[in-house]
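Structural description and commentary
Chain by chain, the residues:
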Amino acid sequence: RTFTFKVNRELGQWENTSTIYPYLSPEQKEKLLDNFKVAVQIPTVSFSESDQNITALQEFDLLLRRVFPKVFSSSLVRHEVVGNYSHLFTVAGADAGLEPYMLLAHIDVVPANEADGWDAPPFSAQEIDGFIYGRGTIDNKQSVMGILQALEYLLERGYTPRRTFYIGLGHDEEINGEEGAVKIVNLLKSRGVKLLYVLDEGLTIMDGVVDGLNEPAALIGVSEKGQTTVKLSVSTPPGHSSMPPRESSIGILASAVARLEKNRMPNLFGHGPERATFEHLAHKFGWSYRMIMSNLWLFSSLLSSVLEGQPDTNAFVRTTTAVTMFNSGVKINVMPAYAEAFVNFRIHSSQTVQEVLNLIESTVSDKRVKVEFINGFDPLPISSYEDDTFGYQIIKKSVQDIFPQVTVTPGICVANTDSRHYTQLSPDIYRFAPSWYKPGDSARFHGVNERISIQNYEEIVLFYFQLMQNSDVRNLPTLRS
Ligand SMILES: CCCCCCCC/C=C\CCCCCCCC(=O)NCC(=O)O
Ligand SMILES: [Zn+2]
Ligand SMILES: [Zn+2]
């Protein structure tokens, strides 16, 4: 494989639309923090596809109306509730000839149990050492509140957008988005809407996560991995535990699951958008890594084996295998008649669901183990990240406006987002929110001690503040030759 260095060419002079300076007064900082804390305190949990905390979703609706009075009263903003608890905002631009864009985020969160080891109750929004702790602080109430807070402050300061934009807040992203994102998409489709670009949650600002990369990097997800879930099951005759057979249904299933964990899917580093990530970052590595980075094509197997050593960077380079549920047994002295396990795979950009299913079959390779396809979808299309791609360059500029020390690069989102339902509305879909991601933070997503620093939340509000204004340019600046 050949790797090349990618250093984006300089864009020329930007049309000056960012007339409202990105600044927050002490009173605004206090207010935005209060609003964010209340949002985190509402337990908008999606437990399963048939079980959501409806009372919390209703309470969240009231919160939005209470804390964002300008958004809900402005003649520029149309607000609609979709699928009972999701929200669609249409912010009318002055120039109807400009193609609109859309910002997405989701209100629901995964369950959280304080007993798992949280330093503060997961719905307390407690402040510890400058961080707000709570489920949803980085997935994804920082975007929900950050987007609306930015719009509220812009409207307060007399902002009138030139380009129309939409804000879509889903209420069921953590359980596939069928009632929220899908219904919003259908509504927009019925209105003939096409979007210039879409920005949803996803990758973050990585800082200190990759050995040798000593500068922070904002990774914009230009695609997201596919996904499939399979159920493995074993049936054996039940019987008395005093006279067990050599192998129980649990033992047979456990071996099959262990084979899947031991024989990981192939390392495909360099075959998907992660290749562009390293091509863009190569020149940012410290001197001891320069040799490797400037000969990426020669050292790609060395680099890929380093990346597979950590769960987050491993997710970047292969289809991952996660055994998430295992059920069996009814009584300690009864041989179980049945054992089942669910295994969730996140599919690398260069593979398909069918290829992964074939690999699963050949690894399990035991006729006693039934393998059933539960659901799945292929990796998402790769959005453009060229020098003349409007959405990518606007996001990049907005990152650089607020985080001048950060390098911006394309990446692959290792998890899934509501934006995967938007492919018919736009070819250019990006997954990124500017929360800082440092060593140890991977365990906070869907894990314990999810948190965000107060300073980072302020930066997020300012990022969306800039993004809305930067998106008002009619065209990107021309490239300097
Ligand atoms: C070169 C650096 C490599 C870093 C590799 C990966 C870093 C991962 C960073 C952030 C991941 C955060 C994902 C956030 C989106 C969560 C969306 C979600 O939970 N969706 C539901 C689902 O996927 O099940
Ligand atoms: Zn999320
Ligand atoms: Zn999530």
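Note: the structure precedes this text.
**Examining the pattern of salt bridges**
This structure, assessed with the given rule, holds 20 salt bridges. With a shortest N-O distance of 2.7 Å, K183 and E179 are connected by a salt bridge. For E179, a relative accessible area of 37% gives the class partly exposed. Between K284 and E215 there is a salt bridge whose closest N-O contact spans 3.6 Å.

**Re the coordination of the zinc ion (ligand 3)**
Looking at the metal site, the zinc ion (ligand 3) is ligated by D139 (OD), E174 (OE), E174 (OE) and H446 (NE2), spaced 2.0 to 2.8 Å from it. The motif formed by the donor residues of the zinc ion (ligand 3), counted along the single chain, is D-x34-E-x271-H. The metal-metal distance between the zinc ion (ligand 3) and the zinc ion (ligand 2) is 3.4 Å, with D139 serving as a donor to both. Of the two residues, E174 sits in the loop between strand 8 (165-170) and helix 5 (181-190) while H446 sits in the loop between strand 18 (429-437) and strand 19 (451-453), which places them 272 residues apart along the sequence.

**Quick word on the pairing of strand 8**
One face of the sheet, then the other: side chains in a regular strand alternate in exactly this way. Of all six residues in strand 8, six are buried; the element is thus mostly enclosed. Side chains F165, I167 and L169 project from strand 8 onto one buried face, and the interleaved Y166, G168 and G170 project onto a second face that is buried too. As judged from the five bridges shared by strand 4 (residues 86-91) and strand 8, these two strands associate in the antiparallel manner. Across the sheet, the residue bridging to L88 is G168, located in strand 8.

**A look at the sheet that holds strand 11 (residues 226-235)**
Spatially, 13-15-11-16 is the arrangement adopted by the four strands of the open sheet, whose pairing is antiparallel. Where the open sheet ends on each side, the last strands, each with one partner, are strand 13 (320-328) and strand 16 (370-377). The average undirected angle you get between the axes of adjacent strands in this sheet is 20 degrees. Direction of pairing for strand 13 relative to strand 15 (residues 338-347): antiparallel, over a ladder of eight bridges. Note that in strand 15 the partner of V323 across the bridge is V343.

**Side note on the nonpolar core**
M145, L199, I395, Y464 and M468 are the most contacted members of the largest nonpolar core, which totals 74 residues. Among the elements that line this core, the one with the most residues is helix 13 (residues 454-470), at ten residues. For M468, the residues in contact, after removing those within four places along its chain, are Y101, L103, I147, A150, L151, L154, Y159 and F165.

**A closer look at the site of ligand 1**
Close to ligand 1 lie 18 residues, the nearest being E173, R346, A415, N416 and H446. Contact distances for ligand 1 include 3.1 Å between a nitrogen atom and a side-chain N or O atom of E173. Contact distances for ligand 1 include 2.6 Å between a nitrogen atom and a backbone N or O atom of N416. Taking 660 Å² as the accessible area of ligand 1 by itself, protein coverage stands at 91%. Mapped onto the shell around ligand 1, the elements with two or more residues apiece are strand 9 (198-206) and helix 10 (311-317). A breakdown of the residues in the shell around ligand 1 according to their chemical character gives eight nonpolar, four polar and six charged.

**Some details on the coordination of the zinc ion (ligand 2)**
Within the protein, H106 (NE2), D139 (OD), E201 (OE) and E201 (OE) serve as the donor atoms for the zinc ion (ligand 2), at 1.9 to 2.6 Å. Considering all four donor atoms around the zinc ion (ligand 2), the spread of angles at the metal, 55 to 154 degrees, places the coordination shape in the irregular class. One chain supplies every donor for the zinc ion (ligand 2), spaced along it as H-x32-D-x61-E.

**Some points on the sheet that holds strand 7 (residues 131-133)**
The sheet built from three strands is open, its strands ordered 6-7-19 with antiparallel pairing. Since the sheet does not close on itself, it has two edges, and those belong to strand 6 (127-128) and strand 19, each with one partner. Bridging between strand 7 and strand 19 involves three bridges; their strand directions are antiparallel. Along strand 19, the bridge assignment pairs I132 with I452.

Conventions we followed
Within any chain, residue numbers begin from 1 and follow the written order of that chain's sequence. As a convention, the first chain written is A and the first ligand written is 1, with the rest following in written order. Since the coordinates come from a predicted model, pLDDT governs what is reported: local features require at least 70, and pairs of side-chain atoms require 80 or more to be given and counted, while whole-chain, interface and lining totals use all residues. Heavy atoms throughout the structure, all of them, feed into the side-chain values; hydrogens and water do not. Salt bridges are defined by distance alone: a side-chain nitrogen of Lys or Arg within 4 Å of a carboxyl oxygen of Asp or Glu. Burial status follows relative accessibility: with a 1.4 Å probe on protein chains alone, a residue under 20% of its type maximum counts as buried, one over 50% as exposed, and anything between as partly exposed. Only N, O and S atoms count as donors, using a 2.8 Å limit from the metal and a wider 3.2 Å limit for Na, K and Ca, and since water is excluded some coordination spheres may look unfilled. Helix and strand definitions follow DSSP, with helices as H or I runs of at least four residues and strands as E runs of at least two, each counted in order from the N terminus. The pairing criterion is simple: DSSP has to find at least two bridges between the two strands. Note on definitions: angles span 0 to 180 degrees between N-to-C directions of axes, and those axes are lines fitted to C-alpha atoms, for helices only across the stretch in contact. Take the buried residues of types Ala, Val, Leu, Ile, Met, Phe, Trp, Tyr and Cys, join any two whose side-chain atoms come within 4.5 Å, and each joined set is a nonpolar core. We call two residues contacting when some pair of their heavy atoms lies within 4.5 Å. The cutoff for a nearby residue is simple: one of its non-hydrogen atoms must lie within 4 Å of the molecule or strand. Any pair of nitrogen or oxygen atoms within 3.5 Å is treated as a polar contact; in protein, a donor-acceptor pairing is required on top of that, and neighbouring residues in sequence qualify only through side-chain atoms on both sides. Here, Shrake-Rupley sampling with a 1.4 Å probe gives the accessible areas, and only protein chains in the shown set may cover a residue. Residues are grouped as follows: Ala, Val, Leu, Ile, Met, Phe, Trp, Tyr, Cys and Pro are nonpolar; Asp, Glu, Lys and Arg are charged; every other residue, Gly included, is polar. Sites are called tetrahedral only when four donors show all angles between 85 and 135 degrees, square planar or octahedral only when four or six donors show opposite pairs over 155 degrees and all other angles between 65 and 115, and irregular in any remaining case.

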